[in-house]
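An overview of the molecular structure
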Amino acid sequence: MKVRSYFQMLFLEINLITKKRYTRTLISIMKHTILFLFLLIVTTSQAQFSRQDTLRGSITPQRAWWDINHYNLSVDVYPEAKSIIGTNIITYTVLKEGVNELQVDLQPPMEITSITQNGKSLKVRHEGNAHFIELKEKQQKGTVQQVTIGFEGKPREAKNAPWDGGFSWKKDSNGNPFIATSNQGIGASIWWPNKDHSYEEVDSLDMHITVPKELVDVSNGRLVSIDSTHTSKTYHWTVKNPINNYGVNLNIGNYVRFSEQYEGEKGSLLMDYWVLEENIEKAKEQFKQAPLMMEAFEHWFGPYPFYEDSFKLVEAPYLGMEHQSSVTYGNKYKNGYLGRDLSRTGWGLKFDFIIIHEAGHEWFANNITHKDVADMWIHEGFTAYSENLYLDYHFGKEASREYVIGTRDNIQNDIPIIGTYNVHNEGSSDMYYKGANILHMLRTITQNDEVWREVLRGLNKEFYHQTVTTQQVEGYISQKLTKDFSAFFDQYLRTTKIPVVEYYIKRNKLSIRYTNTVSNFDMPIQIEAQGEMQWVYPTNEWKTIKIDSKKSTLVIADDFYVKTKKVTP
């Protein structure tokens, strides 16, 4: 409803008042006013997102009709000029006929310099970061086509990588160029043209990265060849598995390499480590945690998802990121998070946060990828949870439990974990440790660690190399645990409310209920009675339960993220 139309109706209603139709007219005014205020709130909420947000975050008609098969990405990197020149050959399958525009994304100041298909130049319509290519030839359903895009420019420089995305043009301690890309959130289109939406992953990828001859490029997948000239080297990397766009990366520096073979669930896995020459001895010691990580995560999550592409840790001039098969590392060869324990329990100093957390993303982010960034908790919640599963495997269940509960102090409850769909909007950063505690509660409720392990491994098998929605993940967990957890997920993912357990105890009888919750919230919890833990099953209605305890104060197990409130009957 337009504001002007509302006031026109209001004026007519006032005229009617003068004709003595008081009651009926006042009711009408109240209804219109309520409707107007509601529409104003909705309009204001929508107004925070722009046309560019929609083009970036939605599956537009110009994206929906074609399926990406392969990117063949060639990039020449010029460290002194902080610029790049490249081409991307996009191979795709036509899913639907009748559309003659193809959307690719590339962000300024990068520019598209040419677009061709079958040797013919194509016109392009620019709308901010989105570029709509006008195709000349009929796109017949089922056919495989190619379009070649030339691009160049000085890509945005990251001011605070990896949170502020772009290129990091740094120097190592010897003055050599030390360069890396990181672009989760802002998007891979900050430096190369692609279909920049997470609902679809390219099936395979080849990268040809040309750098000055004294430097090394390390990218995703396996190294195929190195072609040399008197001034440069071109590193050809190939990725055989589906890969999300933000996982594609460049790492350029004075690298040296050491390797090992890990005997895992799917056979022999190559584990490569690329570090600055000056740090090789420190790396050889710190990276001993990498096979320990692989052992723990293959136990809990199933086989490493990218055996064909190997696993790499690559030193970077920023903290680190989960680039697929090319995990970047910048934790200064310290345990914890730059030497700090995020749980404040001591357990966070038993492992290198970046090795464990970023490698955990190989299962949750790279194997299982969200369709929409609004569901990024699928990446970050499960991977934050992987930290305490690493502890569980190597240090025991109590260490795991203390760590995840300790991270609860990092929860802000500012906005819901789930963001707004179709506008490239992430939810709260609580997706990390609130997400981890959600999963810890589910494990506790399951009361069977083997069943819980089957759920985690089952997710990685059921959604192997797929993009998913949170509804799919929630549904799978509910199905496997044979309980409807929809209210549980709504409470913790879609509200900021912490459930309150209200209670009173009278003559060995506990009266208990939940408040501050969504409808039908019925999470079981453990309480202490006579020195032992006892399961109770509160709902939004009062329940009275006989307990063997003379205490007047209810003690709830720390495993549950709730508050308690003693009330007077």
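All residue numbers refer to positions counted from 1 along the written sequence of the respective chain. Only residues with pLDDT of at least 70 are given local features in this predicted model, and only at 80 or more are side-chain atom pairs given and counted; all residues enter the totals for whole chains, interfaces and linings. Each side-chain value is derived from all of the structure's non-hydrogen atoms; neither hydrogens nor water enter the calculation.

1. Topic: the environment of Gly-142
Rules: Helix and strand assignments come from DSSP, with helices taken as H or I runs of at least 4 residues and strands as E runs of at least 2, each series counted from the N terminus. Whether two residues touch is decided by their heavy atoms; if any such pair falls within 4.5 Å, the residues are in contact.
Within the element layout of this structure, Gly-142 appears in the loop between strand E7 (130–134) and strand E8 (144–153). Setting aside anything within four residues of it in sequence, one finds Gly-142 in contact with Thr-93 and Val-94.

2. Section: the sheet that holds strand E12 (residues 216–218)
The following threshold applies: Here, strands pair whenever DSSP counts at least two bridges between them. Axes, fitted as lines to C-alpha atoms, cover a helix only where it is in contact. Angles between the N-to-C directions of the axes lie from 0 to 180 degrees.
In spatial order, the strands read E9-E10-E15-E12; together these four strands make up an open sheet with antiparallel pairing. Whereas interior strands pair on both sides, the edge strands pair on one side only; in this sheet they are strand E9 (166–171) and E12. Averaged over all neighbouring strand pairs, the angle between strand axes comes to 15°, with direction disregarded. Pairing geometry for E9 and strand E10 (residues 177–182), over six bridges, is antiparallel. Across the sheet, Phe-167 pairs through a bridge with Thr-181, a residue of E10.

3. Looking at the nonpolar core
To keep things clear, this is the line we draw: Residues grouped as a nonpolar core are buried Ala, Val, Leu, Ile, Met, Phe, Trp, Tyr and Cys residues, joined through side-chain atoms within 4.5 Å. Buried, partly exposed and exposed residues are distinguished by accessible area as a fraction of the type maximum, computed with a 1.4 Å probe on protein chains only: under 20%, between the cut-offs, and over 50%, respectively.
Residues Phe-287, Phe-311, Phe-488, Met-523, Ile-525 and Phe-560 are the most contacted members of the largest nonpolar core, which totals 97 residues. Sort the elements by how many residues they give to this core and helix H8 (residues 377–395) lands first, with eight residues. Discounting residues that sit within four places of it in the chain, Phe-311 has contacts with Leu-269, Leu-270, Met-271, Asp-272, Met-293, Met-294, Tyr-304, Ser-325, Val-327, Ala-359 and Glu-362.

4. Examining empty space enclosed by the protein
For clarity, the threshold we go by: Cavities and pockets are defined on a 1 Å grid built over the protein atoms alone: a cavity is a set of grid points where a 1.4 Å probe fits but cannot escape, while a pocket is an open set with protein on both sides within 12 Å along at least five of seven lines, and lining residues are those with an atom within 4 Å of any such point. Grid points are joined across faces, edges and corners, and a volume is the space filled by probe spheres set on the points. Each residue gets one label: Ala, Val, Leu, Ile, Met, Phe, Trp, Tyr, Cys and Pro are nonpolar, Asp, Glu, Lys and Arg are charged, and the others, such as Gly, are polar.
The final tally for this structure, using the stated rule, is three cavities of 30 Å³ or more. Approximately 150 Å³ is the volume found for the largest cavity. Considering the residues around the largest cavity, the lining is formed by 16 residues, among which Arg-56, Asp-196, Ser-198, Tyr-246 and His-424 are closest to the centre. Of the residues belonging to the lining of the largest cavity, the class tally is four nonpolar, 10 polar and two charged. Surrounding the second largest cavity, Ile-505, Ile-527, Glu-528, Ile-547, Ser-549, Lys-551, Thr-553, Leu-554 and Val-555 form its lining.

5. Topic: the layout of surface pockets
In this model, the largest pocket occupies a volume close to 640 Å³. Forming the boundary of the largest pocket are 28 residues, of which Trp-163, Tyr-337, Glu-380, Ser-429 and Tyr-432 lie nearest the centre. Every element with two or more residues in the lining of the largest pocket is listed here: strand E19 (320–321), helix H7 (353–360) and helix H10 (433–446). In terms of residue count, the dominant contributor to the lining of the largest pocket is H7 (four residues).

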